Amino acid sequence: MSKIYVTKPFLPPFDEYSGYLERIWESGILTNQGNLHREFESALRDFLGSPNIVLTVNGHMALDIAVKALDLKGEVITTPFTFASTTHALVLNNLTPVFCDIKENNFTINEDLIESLITENTSAIMPVHVYGIPCNVDKIDNIANKYGLKVLYDAAHAFGVRVNGKPIASFGDISMFSFHATKRFHSIEGGALAFGNQELKEKLDLLKNFGIKDAETVVIPGQNGKMNEFQAAMGLCNLNHLDELTARCREESDLYKSELSGVRGLSFIEIDRNTDSNYVYVPIVINAAEFGCTRDQLIEFLESNDIIARKYFYPLTSQYDCYSNLFSNSSCPVAETAAESVLTLPLYYELKDEDIKLICSLIRDASKSST
Ligand SMILES: *Cc1c(COP(=O)(O)O)cnc(C)c1O
C-alpha cells in the first residue's frame, strides 16, 4: 500500500489549466500584474467579501509587507501555537513577539489574557485563526480599539470561513491568506491580503514591487513579492472547484468523527455554531492517560502503518532553537500541553472513505482503553 500523507495538493483538470495557459501565451505577459492577476484579484474581492485585495508570491511575503505597511513598532502580542511564518514575520521586521497563551477549547489566542500583556511598547495584536477556527474577533477588535492597537490576522488556514455570516476578512486591519500547494485553496505558491482601508492598497502594492511608482519614480524600499500569471491561473481554476472540495472534506471530517466516537481520551475541536467552517484540518487531541498511549506513540504507530499524520503545531514557535532563549517573557501552559497532545489526521479531496475507516481502526487499535 502507498503512504497516506496528511494532505495532498489538489490539481484541477489539466484542460482547465491549459485554457488559462493559452491566454498567457496569447498575451505574452508572464508576471507584473497581467490580466489573470487582475481577474484573480477581482474574483477574490467577491469571494472573500473584501473591498481590497493584494496578491503576493506567497503567504509569508504577504505577512511581511502587511507588517511593514502597518508601521508596527516594538511589541506585538501573538500566539506561539502556529507555523514558523507568523513569528518570523515579526522578528525579521525587528519586532518583539509577546506570546499570549491559547484557549483549551479551540487553541486560538486567549483574548482574556491579551490586556494583561499590553505595555506602552505594544503596537499590534497578531492572532492566528488556527485550523481555520476563528479567534474571538469581536473581543479582539474591541481591545484593539480601546488601546489604539493594529490587528493583523494570520488567516492562512481560514480561506472561505465566516463568523455570524460575516466573511472572516472583515475583522481586524488586515487578514493574510496563504495559497500554498498544501493549503485547501492554492495557487501553487501564493498569498493575499484582504483589508477594508483603501489607503493601504497603494502602499502594499508598492511594497511588493520594489517601491516603484512609475518608470522613473521609486518612493519606498520594497520587496519583489509579486504573484505571477501562472499562479493566478491556478488560483482562478481552483476557485471553481472550491465548493466541491469543501463539501467533500466536510464529509470526511464527519466520517472521522463518527468512526472515532466513543474512543476514550480522544477528542475533536468543536466548531462553534456561529461559524461556517472550511473543514481544512482534522486535529484530534490525545489525553495519554485515558487513551492508553501518548500522542507521539500514536503517530509512530500510524507511521509504521504508512499513515503520515502531523504534529501541527509542535514545537511552539517560542520553543524553536532560534527563539527559546530570546523571548522568555511569558509562559503559555495551555499551548505547551496542546503542542504535546495534538495531531492532525489526513484530509484531502481524493482521500477515500475506506482510507478513513482504516486510519480510524488503527487509532482504535492503538488505544488500549477502547473496546
Ligand atoms: C502556510 C502558513 C503561512 C505561510 O504561508 P506560505 O504561503 O507558505 O508562505 C503562515 N502562517 C500559517 C499559520 C500557515 O499555515
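Look above for the structure.
Here is a short report on the structure shown in this document.

**Considerations on the overall build of the protein chain**
A count of helices and strands for the protein chain gives 13 helices and 17 strands. For 371 residues, the compact-globule formula gives about 21 Å, and the C-alpha radius of gyration of the protein chain, at 21 Å, lands near that figure. The 371 residues of the protein chain split such that 54% are buried. Within the protein chain, residue pairs in contact and separated by at least 24 positions form 70% of the contacts whose partners lie at least 6 positions apart. Taken as a whole, the protein chain presents about 16600 Å² of accessible surface, with 48% of it coming from carbon and sulfur.

**As for the packing of helix H1 (residues 14-27) against helix H8 (residues 229-239)**
Packing of H1 against H8 brings their axes to within 9 Å, and their N-to-C directions diverge by 145 degrees. With respect to the hand of their crossing, H1 and H8 are arranged in right-handed fashion. Contacts between H1 and H8 pair Glu16, Tyr17, Tyr20, Leu21, Ile24 and Trp25 from the former with Glu229, Phe230, Ala233, Met234, Leu236 and Cys237 from the latter. Among the residues forming the contact of H1 with H8, the class breakdown is ten nonpolar, no polar and two charged.

**Regarding unusual backbone geometry**
The peptide bond linking Tyr312 to Phe313 adopts the cis configuration, its omega dihedral lying at 10 degrees. In the segment running from Tyr314 into Pro315, the intervening peptide bond is cis, with an omega of -5 degrees. The topology assignment puts Pro315 in the loop between strand S16 (307-308) and helix H12 (333-341). For Asn164, which is not glycine, the phi torsion reads 50 degrees and is therefore positive. For Asp306, which is not glycine, the phi dihedral falls at a positive 65 degrees. Structurally, Asp306 can be placed in the loop between helix H11 (295-304) and S16. For Asp306, a relative accessible area of 23% gives the class partly exposed.

**What about the pairing of strand S6 (residues 150-154)?**
Most of S6 is tucked away: four of the five residues are buried. Here strand S5 (residues 122-126) runs beside S6; their pairing, made up of two bridges, is parallel. In the sheet register, Ala124 faces S6, and the bridge partner there is Lys150. As a crossover connection, the stretch from S5 through helix H6 (residues 137-147) into S6 is right-handed. Of the strand pairs in this sheet, S6 and strand S9 (residues 174-178) are connected by three bridges, and their pairing is parallel. Counted as the bridge partner of Tyr153 is Ser175 from S9.

Definitions and cut-offs
Residues numbered from 1 in each chain as written. Predicted model: local features only at pLDDT ≥ 70, side-chain atom pairs only at ≥ 80, totals over all residues. Heavy atoms only, no water. Helix = DSSP H or I, 4+ residues; strand = E, 2+ residues; numbered from the N terminus. Rg over C-alpha atoms; globule rule 2.2 N^0.38 Å. Buried < 20%, exposed > 50% of the residue type's maximum accessible area, 1.4 Å probe, protein only. Contact = heavy atoms within 4.5 Å. Areas by Shrake-Rupley, 256 points an atom, 1.4 Å probe, with all protein chains shown as cover. Axes fitted to C-alpha atoms, helices over the stretch in contact; angles between N-to-C directions. Left-handed = near helix turned anticlockwise from the far one by under 90°. Nonpolar A, V, L, I, M, F, W, Y, C, P; charged D, E, K, R; others polar. Pairing = 2+ DSSP bridges. Right-handed = clockwise from strand over helix to strand, strands pointing away.

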